[in-house]
Amino acid sequence: MASDKRLLIRGGLVVDPSQNLEAQRDVLIEGGKVRALLAPRESARAAASAEIVDAAGCWVVPGLIDLHVHAREPGGESAETLASASKAAAAGGFTTILAMPNTEPALDNPALLELLKAKAERDACVNVLFAAAATVGRKGGRPTDIARLAAAGAKALTDDGRAVADAGLARRVMEWAADCGLVFIEHCEDESLGRGAVAHEGPAALKKGLAMSPWAAETSVVLRDIALAELTGCRLHLAHVSAAQSAAALAWAKERGLAVSGEVTPHHLALCEDDVPGQDANFKVNPPLRGKADRDALIRALKDGAIDAVATDHAPHSPEAKAAGWASAPPGVLGLETAVGVVLTKLVHPGKMSKKRWVESMSAFPAKLLNLKSKGSLKPGMDADAAVIAPAKSWTVPDAFLSKSRNSPFVGARLKGQVRATLVGGRVVHAL
Ligand code: DOR
């Protein structure tokens, strides 16, 4: 995927927490790698012999890494493909995505993993990594062949879309994952606490008469898994944390020195139960949008580091599926193309999170979690994966996306902060 071209990303403010850097630098790229970061007065010679990517007035950051993407291949190609997900990712400043295994069939065996890796290599314009299922068919009955999946290149294990409900089975998965050096990503939800639920147990859903699931459905599994992480020594990562109590549990696990981390989605940071217009299924998501106090606690936890990452949980669904009405429509919202705009508008511009913390949460930390040694940083020698962002540019989210789907709760929203260009291995894969 790497390009041989010499390129200079010129005139931008480089924000790179991996080297504690926030300064005007020109990024010289050669052979698909970062060659040097040059102070503006040093770059004239390089500029004469390189192709220029204009970053005047922009922030230049290490390529964003999304820990949570539903690319829908195989089985869901009418909603998304590896090719379309990768285009959406590139437009959103993401240079690496971790694809979830809740496909049809589930990604639960090395042969399918090999096929998908080859397909991504051919079709995708960003790096696509795969999480494999933790249990066969994601059915929660017996573990997948974790050692062979690790050997075939799986980057994580998860039954995302549902939790590994049986605690004994979760323990076995985590023991095996620890042996193979894989992260276990848990979708924390005890379904018995919210059977048939389609909304957060709070005043908004009560008023609408919707079946509800309480915060405790999430936090009870968070606490169980923190205990199992301590017992097994497994590297645990909590997907889409949505409740204030779950964020507090994560902070407690960190105080105990456990290798437990968590992610939060842009929609849980930006929206709450009161923001759902009527029963618009483009706001239906699992975990559900919760209360204002939850949203504010998530923002604080992300700022303080109790929550480590922002991940989109990009979950495309066809317009027909979403038109089925609130109760029947599948949960999930798009995220790749709006994440930067939403997080800058809601958190960074209002001063709720620093630029460096933002980049850490969307690039440096995900690289560390997945053990991607040449990513998440613009230090010389690293892969030339980068995003150029126009922080002051305002735009209105259109109702059509590079994703094959349109199920975004942000359609029509006015956002401040736009991705100008994205580079993967020194190749421009998106430019406005
Ligand atoms: O809203 C969601 N959609 N949550 C999940 O856990 C799964 C995802 C999907 O696959 O659509």
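Look above for the structure.
Residues numbered from 1 in each chain as written. Predicted model: local features only at pLDDT ≥ 70, side-chain atom pairs only at ≥ 80, totals over all residues. Heavy atoms only, no water.

Attention now goes to the pairing of strand β1 (residues 7–10). Sheet faces and side chains relate simply in a regular strand, where the side chains alternate between the two faces. For β1 and strand β6 (residues 51–54), the ladder comprises four bridges, and the chain directions are parallel. In the sheet register, R10 faces β6, and the bridge partner there is D54. Pairing between β1 and strand β4 (residues 26–30): three bridges, direction antiparallel. Along β4, the bridge assignment pairs L7 with I29. (Pairing = 2+ DSSP bridges. Helix = DSSP H or I, 4+ residues; strand = E, 2+ residues; numbered from the N terminus.)

Tracing the sequence through the fold places N407 in the loop between β18 (386–396) and β19 (414–424). Accessibility expressed as a relative area gives 2% for N407, which makes it buried. Of the polar contacts made by the side chain of N407, one reaches the backbone oxygen of A315; its length is 2.9 Å. A distance of 3.1 Å separates the side chain of N407 from the backbone nitrogen of H317, its partner in a polar contact. In this view, N407 contacts N282, A315, P316, H317, K322, G332, V333 and L334; residues no more than four positions away in its chain are not counted. (Buried < 20%, exposed > 50% of the residue type's maximum accessible area, 1.4 Å probe, protein only. Polar contact = N/O pair within 3.5 Å; in protein donor to acceptor, adjacent residues only side chain to side chain. Contact = heavy atoms within 4.5 Å.)

This part is about the packing of helix α12 (residues 339–348) against helix α13 (residues 355–369). When two helices pack together, their arrangement is given by the angle between the helix axes and the distance between those axes. Where α12 meets α13, the closest approach of the two axes is 11 Å, and the angle between their N-to-C directions is 145°. Handedness of the crossing formed by α12 with α13: right-handed. Two secondary-structure elements touch here, α12 through A339, V340, V343, L344 and V348 and α13 through K355, W358 and M362. In terms of residue class, the contact of α12 with α13 is built from seven nonpolar, no polar and one charged. (Axes fitted to C-alpha atoms, helices over the stretch in contact; angles between N-to-C directions. Left-handed = near helix turned anticlockwise from the far one by under 90°. Nonpolar A, V, L, I, M, F, W, Y, C, P; charged D, E, K, R; others polar.)

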